[in-house]
Structures are given as C-alpha cells and as structure tokens.
Amino acid sequence: MPTAKRIPEDQPFVVRPSLRKRALTLGLVTLVIGLVIACPIGLAASSEGGGAGLLFIIPVVMVVFAVPVGLQLWLVSSGGPVLAVGPAGLWIKTRPTRGQAIWLPWEVVERVYLRRWGLEKMLCVKPRDPRVGSGLGAFTALDSGMQQAFFGTGFTATVNHADRSEDEIMRAVVGYAAGRCRVG
C-alpha cells in the first residue's frame, strides 16, 4: 500500500484534528486533576500545623502537568489531516500523532466502525488482510500494536476531536464506500 508523510489534502473529503475541541477536553481534565490535587493541599495548608508555603505546590504541579498536555496538543494538531476519503479509497494516519499515512483502496477494507475508549471516539478501519501496514517502522508498529489492543485495528482517526461532526464523517464514509465494505 502507498504511504506518505502526510495525508494529501486534494481528496474530496478531508478531516483535520480540532485543536479547540482537544484543548477544551484536555483543559477540563487538567482542571479536574488540579482540583483533586489542590483540595487536600489547601486543607493541609489551612490546618494549624500547615503553612501557607504548601500552597505554592499547586501551581508547580499544574505547570508540570500542563507541559505534557501541551506537547500532546502540539503533536496531534501539527500532524496534518487524520483522514481523507474519496471514491477510490481512503487515506488514514498510521500513528495517532505525527507520522505517516497509508492509502487503502475500498477493495482492501473489510470494515469501518466507530469505537470509544475513554474520552476518545475513533473511526476504525480494518483491512481484509491483517498484514496491511506491516513494515512501516518500529514506532508505527508500537503505536499500531497499542491501537490494535484498544480499537481492534491499527488504523484510526478521531471523530470527536475533529473539525467535522461525527455524522458528517460517517455520511461521507458510507457514501464513498458505496457498499464495497461494511460500515458500522
């Protein structure tokens, strides 16, 4: 199967990651975790034996937690489109962050389905031949193996953190697949 560094943008239907949606989700998760950490520290600081110096731990922990979240936001949003669909087939990323994409003609796709894991809802593409995508490199094999465990395939694209709605994405996939593979 042909691969590329990025998904070509010349396809009829292109899905890009939404930095705004992902930042909102990760920001809320960071806030909840921050509150879980900050409340006990605040209680300890307000007790008789506690000092106000304990309160300085809160912003330090929040910054330490925000750095990997910011890195993830940058990795996911700077890697280009996550999916492109057309009459002949689809392009999909082989890794969830930066990395290559693979072209899958509709004839080699067995099934396209949605799967949720935690806060992430993914469009999953399962090829008819499980060997499709082998030989794409060590990092891709590692990412693909983890995705295989969670989603049943190594080829996934976000639908809830995308620039298009889940319904719009699925309508495009059903329309362009035109019955050549199972969708759903």
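Right above here is the structure, for reference.
Since we're looking at a predicted model, the values are computed, not measured.

Before we move on, could you go through the overall build of the protein and cite the residues and values that matter?
Helix and strand counts for the protein stand at 4 helices and 9 strands. For the protein, the succession of helices and strands along the chain, N to C, is β-β-α-α-β-β-β-β-β-α-β-α-β. Counting every position in the protein, which comprises 184 residues, the buried fraction comes to 38%. Of the contacts formed within the protein by residues at least 6 apart in sequence, a portion of 68% connects residues at least 24 apart.

Report on the sheet that holds strand E5 (residues 101–105), specifying residues and quantitative values.
Judged by pairing direction, the sheet is antiparallel, and its 5 strands sit side by side in the order E1-E5-E4-E3-E2 without closing on themselves. Edge strands, defined here as strands with exactly one partner in the open sheet, are strand E1 (3–4) and strand E2 (13–15). The pairing of E1 with E5 spans 2 bridges and is classified as antiparallel. What sits directly across from Thr-3, in E5, is Ile-102. Here helix H4 (residues 166–177) sits on the sheet in contact with E2 and strand E3 (83–85), set at roughly 140 degrees to E2.

Any details on the nonpolar core? Residues and values, ideally.
Ranked by internal contacts, the top residues of the largest apolar core, which has 25 residues, are Leu-83, Ile-92, Leu-104, Trp-106, Leu-123, Val-125 and Ile-169. Secondary-structure elements contributing two or more residues to this core are E2, E3, strand E4 (89–93), E5, strand E6 (109–117), strand E7 (120–127), strand E8 (155–158) and H4. The greatest single-element share of this core, amounting to 5 residues, is contributed by H4. Here Leu-83 is in contact with Ile-7, Phe-13, Val-14, Val-15, Leu-90, Trp-91, Ile-92, Leu-123, Ala-157 and Ile-169, once residues within four sequence places are set aside.

How would you summarise unusual backbone geometry if you had to cite specific residues and measurements?
Its identity is not glycine, yet Ala-178 carries a phi of approximately 50 degrees, on the positive side. Its place among the elements puts Ala-178 in the loop between H4 and strand E9 (182–183).

An account of the pairing of E4 is requested, with residue identities and associated values reported.
Counting buried positions along E4 gives 5 out of 5 residues, so the element sits mostly inside the fold. Of the two faces of E4, the one lined by Gly-89, Trp-91 and Lys-93 and the one lined by Leu-90 and Ile-92 are each fully buried. Two strands pair when backbone bridges link them, and E3 and E4 are joined in this way by 3 bridges, in the antiparallel orientation. Considered in E4, the bridge of Val-85 is made with Leu-90. In sequence, E3 turns back onto E4 through a hairpin of 3 residues.

Which residues make up helix H1 (residues 19–46), and what values go with them?
When the terminal C-alpha atoms of H1 are compared, their 38 Å separation across 28 residues agrees well with the 40 Å that a helix rising 1.5 Å per residue should span. Turning to H1, its buried residues number three or more, namely Arg-22, Leu-26, Thr-30, Gly-34, Ala-38, Ile-41 and Ala-45.

With reference to specific residues and values, describe the sheet that holds E7.
Read from one edge of the open sheet, 4 strands run E8-E7-E6-E9, paired in mixed fashion. If you trace the sheet from one side to the other, it starts and ends with E8 and E9, each paired once. As paired elements, E6 and E7 share 8 bridges and run antiparallel to each other. Looking at the pairing, Val-112 lines up with Val-125 of E7.

Describe in detail the pairing of E8, supporting the description with residues and values.
Side chains on a regular strand alternate between the two faces of the sheet. Burial along E8 is two-sided: Phe-155 and Ala-157 facing one way and Thr-156 and Thr-158 facing the other are all buried. Taken together, the 4 bridges between E7 and E8 define a ladder with antiparallel strand orientation. Looking across to E8, one finds that Cys-124 is bridged to Thr-156.

Help me get a handle on helix H2 (residues 57–77), residues and values and all.
The terminal C-alpha atoms of H2, which comprises 21 residues, lie 30 Å apart, in line with the 30 Å expected from a rise of 1.5 Å per residue. Every buried residue belonging to H2 is among Val-69, Leu-73 and Val-76, and all of these are buried.

Account for the packing of aromatic side chains, with residues named and values stated.
All chains considered together, the criterion is met by 1 aromatic pair. Arranged with centres 5.7 Å apart and planes meeting at 55 degrees, the rings of Trp-91 and Trp-103 form a pair that is tilted. With Trp-91 in strand E4 and Trp-103 in strand E5, the pair connects residues that are 12 residues apart, well separated along the chain. Residue Trp-91 is classed as buried on the basis of its relative accessible area of 10%. Overall, the relative accessible area of 16% leaves Trp-103 in the buried class. Seen from the ring of Phe-13, Arg-164 lies directly overhead, with NZ or CZ sitting 4.2 Å from the centre.

About the thresholds
- Residues numbered from 1 in each chain as written.
- Predicted model: local features only at pLDDT ≥ 70, side-chain atom pairs only at ≥ 80, totals over all residues.
- Heavy atoms only, no water.
- Helix = DSSP H or I, 4+ residues; strand = E, 2+ residues; numbered from the N terminus.
- Buried < 20%, exposed > 50% of the residue type's maximum accessible area, 1.4 Å probe, protein only.
- Contact = heavy atoms within 4.5 Å.
- Pairing = 2+ DSSP bridges.
- Axes fitted to C-alpha atoms, helices over the stretch in contact; angles between N-to-C directions.
- Core = buried A, V, L, I, M, F, W, Y, C linked by side-chain atoms within 4.5 Å.
- Expected span 1.5 Å × (residues − 1).
- Phe/Tyr/Trp six-rings, centres within 6.5 Å; stacked < 30°, edge-to-face > 60°.
- Lys NZ or Arg CZ within 6 Å of the ring centre and 35° of its normal.

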